[in-house]
Amino acid sequence: MWYHRPVITAELLQTLPNLKIVASSGMGIDHLDLDLLSSYGVKLSNTPFVVSTDTADLGMALMLASSRRLVEGYQMAVSPDTEYFPSDWLGSEVSGMTLGIVGMGTTGYKVAQRAKAFEMKILYHNRHQRNKEEESAVGATYCKKIDDLLQQSDFVLLSVSLTPQTHKLIGKRELELMKPTATLINISRGLAVDQDALVQALQNKVIKAAGLDVTYPEPLPRDHPLLKLKNVLITPHIGGATKKTHRLMMETMVESIQASLAGLPVPNEVL
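Residues numbered from 1 in each chain as written. Predicted model: local features only at pLDDT ≥ 70, side-chain atom pairs only at ≥ 80, totals over all residues. Heavy atoms only, no water.

With an unreviewed UniProt entry as reference, the protein chain is termed Glyoxylate reductase/hydroxypyruvate reductase, source organism Ardeotis kori. Turning to the protein chain, the UniProt annotation filed under Sequence similarities (unreviewed entry) states: "Belongs to the D-isomer specific 2-hydroxyacid dehydrogenase family." (UniProt positions renumbered as here; feature names shortened; annotations may be inferred.)

Written out as structure tokens, the structure reads:
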């Protein structure tokens, strides 16, 4: 499967009685019915670690671009109507600010490594606390309650898998806990955020801004209010979209397929 195609349905599986494995590109598996695949005896693999480096890079890029208003600045710089650059046109600093990472898996941890270079104070919320050595390496502090992270962070970055527990994890209540000067960055899945609540929060200045690599649906309808807000930066789900990573994703999928057909343990099998 490449970018969720083809769609796996019971009807499709019924036409493929010899199917051994579905190898899905990327990290997320929320587009797949795991129980359905299991009922047909079909294994599933993905490519979770291949995309983490590039996705972490994009998380930092969204944070920097949003805080320094790069898109607005570019538009001003190239506009035929621009006669001068206003001295009071200001962005927000990133260095020294507090970053709250929700989901400290492989990608979240790589974001923390990058944020350390910007001398950021790093908080994180995760199902399980990382060991002391890992925390110390990036200077991260564990928040058992997500509310504590939301209240203290200047940037809140989502790096979670989409599960029933993380579906609309950030809603109206959570957004209202954030600082009015805070920015929300989402590099996980669009449905991890209540998008209607986010629109209201951005319009009413409950939070300052958002940088989104993911939305629902993708792409958004052309008349969606998120597309009209200047304090929102949206990219087209490009977290892992580099030439090297796409090649590695394909190689990883092929390895999983070959192992399955040979009756060997499947690398990156989703259990």
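Across the two faces of strand 7 (residues 183–186) the burial is the same, with Thr183 and Ile185 and Leu184 and Asn186 all buried. Where strand 6 (residues 155–158) and strand 7 come together, 4 bridges link them in parallel fashion. Within strand 7, the position partnered with Phe155 by the bridge is Thr183. Crossover handedness for the path strand 6 to helix 8 (residues 172–177) to strand 7: right-handed. Pairing of strand 7 with strand 8 (residues 209–212) involves 4 bridges; the strand directions are parallel. Its bridge partner lying in strand 8, Leu184 is registered against Ala210. In terms of handedness, the path from strand 7 via helix 9 (residues 195–203) over to strand 8 forms a crossover that is right-handed. (Buried < 20%, exposed > 50% of the residue type's maximum accessible area, 1.4 Å probe, protein only. Helix = DSSP H or I, 4+ residues; strand = E, 2+ residues; numbered from the N terminus. Pairing = 2+ DSSP bridges. Right-handed = clockwise from strand over helix to strand, strands pointing away.)

On to the UniProt feature "domain: D-isomer specific 2-hydroxyacid dehydrogenase NAD-binding" (unreviewed entry) in the protein chain, then. Listed under "domain: D-isomer specific 2-hydroxyacid dehydrogenase NAD-binding" (unreviewed entry) in the UniProt record, and renumbered for this structure, are residues 60–239. Split by type, residues 60–239 is 32% helix and 16% strand. Its first and last C-alpha atoms lie 11 Å apart.

In the structure shown here, the tally under the stated rule is 2 aromatic pairs. Consider the rings of Trp2 and Tyr3, whose centres lie 5.9 Å apart with planes at 50°: the pair is tilted. When the centroid spacing of 5.2 Å and the interplanar angle of 50° are considered together, the rings of Tyr124 and Tyr142 count as tilted. Placement of the pair is Tyr124 in strand 4 (residues 121–125) and Tyr142 in strand 5 (residues 140–142), with a sequence separation of 18 residues. (Phe/Tyr/Trp six-rings, centres within 6.5 Å; stacked < 30°, edge-to-face > 60°.)

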